[in-house]
Amino acid sequence: RKEVEQDPGPFNVPEGATVAFNCTYSNSASQSFFWYRQDCRKEPKLLMSVYSSGNEDGRFTAQLNRASQYISLLIRDSKLSDSATYLCVVKGFQKLVFGTGTRLLVSP
Amino acid sequence: GAGVSQSPSNKVTEKGKDVELRCDPISGHTALYWYRQSLGQGLEFLIYFQGNSAPDKSGLPSDRFSAERTGGSVSTLTIQRTQQEDSAVYLCASSFFVQGGEKLFFGSGTQLSVL
């Protein structure tokens, strides 16, 4: 089983739609959780951290469910510029482990 | 500059040759990571440094791969006797710790092509 698993997608949504991604992790001792965004042929960039209480940053909401070992990302009112690959990242004892990413395509 | 710098940005080499990839982290960042990413694939963890020591080398694919970090700053990833399957983008990231956890900043990567 992979340490971090994501649905690769792609998720095709129209502008203005709400879309949600989930990510599961296998190490119950994982300590920190993040969502990164990666545009085509670019390096990943931090989108937001994921806190136990859940957190929101504008149109983006992240949730953590430790009991079920998954994190989620909700994007409201999708924009064309949201088209990218969204990477779930989990930190265990030492290293940061990336999921393979979920590709989002927002169309006009 | 203020970001993570990697060099070269592109490297084309022949099978069997050695290559050295360099990463200049953000000043003051104590943690440094190497990942690689093949086309259309996710990020594969290679090695993690805390200061000059590497507490986790578990991702290095074979003994042809090695990495070091000196002065708590610059890191080099060396691949000996390159093979075609080594072709990928090699990404370096440095990080610092804030409330809420660790935040990574990536360089733009080295595109390695082994012919």
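Scroll up a little and you will see the structure.
Only a predicted model underlies this, so the values are computations on that prediction, with no experimental measurement involved.

Visitor: Quick question: what am I supposed to make of the overall build of chain A here?
Guide: The secondary structure content of chain A amounts to zero helices and 11 strands. Taken against the 2.2 N^0.38 rule, which gives 13 Å for 108 residues, the C-alpha radius of gyration of chain A at 13 Å falls within 12% of a compact globule. Principal-axis analysis of the C-alpha atoms gives chain A an extent of 40 × 30 × 20 Å. Counting over 108 residues, chain A shows a buried share of 47%.

Visitor: Help me out: how do you make sense of the pattern of salt bridges in this one?
Guide: Should the charged atoms of two oppositely charged side chains come close, the side chains can pair. All names here are of chain B. For the structure shown, the criterion picks out nine salt bridges over all chains. Residues Glu14 and Lys17 are paired through a salt bridge, measuring 3.6 Å at the closest nitrogen-oxygen approach. Take Lys17: its relative accessible area is 43%, and that puts it in the partly exposed class.

Visitor: Please clarify how the sheet that holds strand β8 (residues 75–79) of chain B should be interpreted in this entry.
Guide: What holds strands together in a sheet is hydrogen bonding between their backbones, with the strands either parallel or antiparallel. Residues and elements named next belong to chain B. Read from one edge to the other, the open sheet built from four strands follows the order β1-β3-β8-β7, with strand pairing classed as antiparallel. Both edges of this open sheet fall to β1 (5–7) and β7 (65–69), since each of them pairs with a single strand only. Sheet twist, expressed as the average angle between the axes of neighbouring strands with direction ignored, equals 15 degrees. Here β1 pairs with strand β3 (residues 19–24) via three bridges, running antiparallel. Residue pairing in the sheet places Ser7 in a bridge with Arg22 of β3.

Visitor: Would you mind going over the interface of chain A and chain B with me for this structure?
Guide: Accessible area lost on assembly of the parts is the figure often given for the size of an interface. Across the contact, 17 residues belong to chain A and 22 residues belong to chain B. Summing both sides of the interface, chain A and chain B together bury roughly 1600 Å²; the carbon and sulfur share of this comes to 58%. Applying the counting criterion to the chain A and chain B interface returns zero salt bridges. Across the contact surface, chain A and chain B share five residue pairs in polar contact (both at pLDDT 80 or more). Ranked by the residues each element gives to the side of chain A that touches chain B, the list is headed by strand β4 (residues 32–38) of chain A, at four residues.

Visitor: What is the right way to read the sheet that holds strand β8 (residues 70–75) of chain A from this model?
Guide: All names here are of chain A. Reading across from one edge, β1-β3-β8-β7-β6 is the order of the five strands in this open sheet, with antiparallel pairing throughout. A strand with exactly one partner marks an edge of an open sheet, and here the two such strands are β1 (4–6) and β6 (55–57). Between one strand axis and the next, the sheet turns through 20 degrees on average, direction left out of account. When strand β3 (residues 19–25) meets β8, the two strands line up antiparallel, connected through six bridges.

What counts and how
Residues numbered from 1 in each chain as written. Chains lettered and ligands numbered in written order. Predicted model: local features only at pLDDT ≥ 70, side-chain atom pairs only at ≥ 80, totals over all residues. Heavy atoms only, no water. Helix = DSSP H or I, 4+ residues; strand = E, 2+ residues; numbered from the N terminus. Rg over C-alpha atoms; globule rule 2.2 N^0.38 Å. Buried < 20%, exposed > 50% of the residue type's maximum accessible area, 1.4 Å probe, protein only. Salt bridge = Lys/Arg side-chain N within 4 Å of Asp/Glu carboxyl O. Pairing = 2+ DSSP bridges. Axes fitted to C-alpha atoms, helices over the stretch in contact; angles between N-to-C directions. Contact = heavy atoms within 4.5 Å. Buried area = accessible area lost by both parts, 1.4 Å probe. Polar contact = N/O pair within 3.5 Å; in protein donor to acceptor, adjacent residues only side chain to side chain.

Purely spatial values, then, with no claim about function.
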